[in-house]
Amino acid sequence: MVRTFVAFEISPEMRELLAAAQGVLRTGTARLSYVDPPLIHITVKFLGEVDEKKLPQVIAALRTVQAAPFPVKGSRITVNNFRSPHTVWCAVDDAGKGRDVFLAVESVLAPLGFSRETRAFTPHATLARVKMADQSLFRCLEKLKDAPCGSCTVSGLKLKKSTLTPRGPVYEDIAEVAW
């Protein structure tokens, strides 16, 4: 079994700006588990544990997803839920193009037995997972309200393998679909 997800890559320049935002978050006392900057991406769909024998079918299905390259812009650093934050992320504006790809991915993977997502697609790049929030987290977010988050062009999607280790996940590209 292989733990997998479908993602959009972001540019190194965008990752650099998001790493700087992580630096501001580190000045607080909230307990956060940070995403290693080279691993920051926009998740399209988490597939979970997939039988290796099924991967060729998944790849073939993803190759049928058609789209054109589209711009994405990081809009702000925020949390998924202000009352009970679990994730610090960079919200991403993509004029709905990411949602269109998400819906196409859902459509091609559903016949292979992958459940459709019940939540709306919210494009974002995760910077940290919240282990224990405190008021310093919100003070840091206030400092970051006008921080540049960067932009780039998404020109495809990737099927990625995620191996969990004590030092954090290790990602490997399994397949790429370029537009």
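Relevant structure appears above.
Values in this document were obtained by computation on a predicted structure and should not be read as measured data.

Quick notes on the rules
Residue positions are counted from 1 within each chain, in the order its sequence is given. Totals for whole chains, interfaces and linings use every residue, but because this is a predicted model, local features are given only for residues with pLDDT of at least 70 and side-chain atom pairs only at 80 or more, for both listing and counting. Each side-chain value is derived from all of the structure's non-hydrogen atoms; neither hydrogens nor water enter the calculation. Runs of E in the DSSP output that reach at least two residues are strands. Runs of H or I that reach at least four are helices, and both are numbered from the N terminus. Partly exposed describes any residue whose relative accessible area lies between the buried limit of under 20% and the exposed limit of over 50%, with all areas from a 1.4 Å probe on protein chains only and scaled to the type maximum. Here a residue-residue contact requires only that any non-hydrogen atoms of the pair lie within 4.5 Å. When DSSP locates at least two bridges between a pair of strands, those strands are taken to pair. Directions drawn from the helix axis to the C-beta atoms are what define this arc. Any two of the Phe, Tyr and Trp rings considered here, Trp counted by its six-membered ring, make a pair once their centres fall within 6.5 Å; the pair's planes then place it as stacked at under 30 degrees, edge-to-face at over 60, or tilted in between.

Asker: Give a description of the overall build of the chain that names residues and reports values.
Answerer: The helix and strand tally for the chain stands at four helices and nine strands. Ordering the α and β elements of the chain from the N terminus gives β-α-β-β-α-β-β-α-β-α-β-β-β. Along the first, second and third principal axes, the C-alpha set of the chain runs to 45 × 35 × 30 Å. Expressed as a percentage of its 179 residues, the buried residues of the chain come to 45%. Within the chain, contacts between residues at least 6 apart in sequence are counted, and of these 76% link residues at least 24 apart.

Asker: Explain the pairing of strand β3 (residues 41-50) to me, and be specific about the residues and the numbers.
Answerer: A regular strand places its side chains on the two faces of the sheet in alternate fashion. Among the 10 residues that make up β3, seven are buried, leaving the element largely enclosed by the rest of the structure. Relative to β3, strand β1 (residues 2-9) runs antiparallel, the two sharing eight bridges. Looking at β3, one finds that A7 is bridged to T43.

Asker: Describe the pairing of strand β8 (residues 156-165), and please don't skip the residues or the numbers.
Answerer: Pairing geometry for β1 and β8, over four bridges, is antiparallel. In the strand pairing of β8, F5 is matched with K160. Of the strand pairs in this sheet, β8 and strand β9 (residues 168-178) are connected by 10 bridges, and their pairing is antiparallel. If you follow K161 over to β9, its bridge partner there is E172. With antiparallel pairing between neighbouring strands as the criterion, β8 and β9 make up a hairpin whose turn holds two residues.

Asker: A description of helix α4 (residues 135-143) should follow, citing residues and the corresponding values.
Answerer: Residues spaced three or four apart along an α-helix face the same direction, because each turn holds 3.6 residues. The complete set of buried residues in α4 reads S136, L137, C140 and L141. Looking straight down α4, one finds its buried side chains confined to an arc of 145 degrees; they lie on one side. Exposed positions of α4 whose direction lies more than 90 degrees from the buried face are Q135 and R139. Contact partners of the buried residues in α4: α1 (12-25), β2 (31-34), β4 (70-79), β5 (87-93) and β6 (124-132).

Asker: Just give me the short version of the environment of L39, but keep the residues and values in it.
Answerer: Secondary-structure assignment places L39 in the loop between β2 and β3. With 95 residues separating them in the primary sequence, L39 and D134 have C-alpha atoms 26 Å apart.

Asker: Which residues make up the side chain of T126, and what values go with them?
Answerer: Inspection of the secondary structure puts T126 in strand β6. Classification of T126 by relative accessible area gives buried; the value is 15%. Excluding anything up to four places from it in sequence, T126 contacts V35, I40, H41, T87, V88 and W89.

Asker: Now, about the packing of aromatic side chains: what can you tell me, with residues and values included?
Answerer: Within this structure, the stated rule accounts for six aromatic pairs. Ring plane angle 70 degrees and centroid distance 6.4 Å describe the contact between F8 and W179, whose orientation is recorded as edge-to-face. A residue pair is termed long-range when its members are at least 10 positions apart, and F8 in strand β1 and W179 in the segment after β9 qualify at 171 residues. Residue class for F8 comes out buried when judged on its relative accessible area of 1%.

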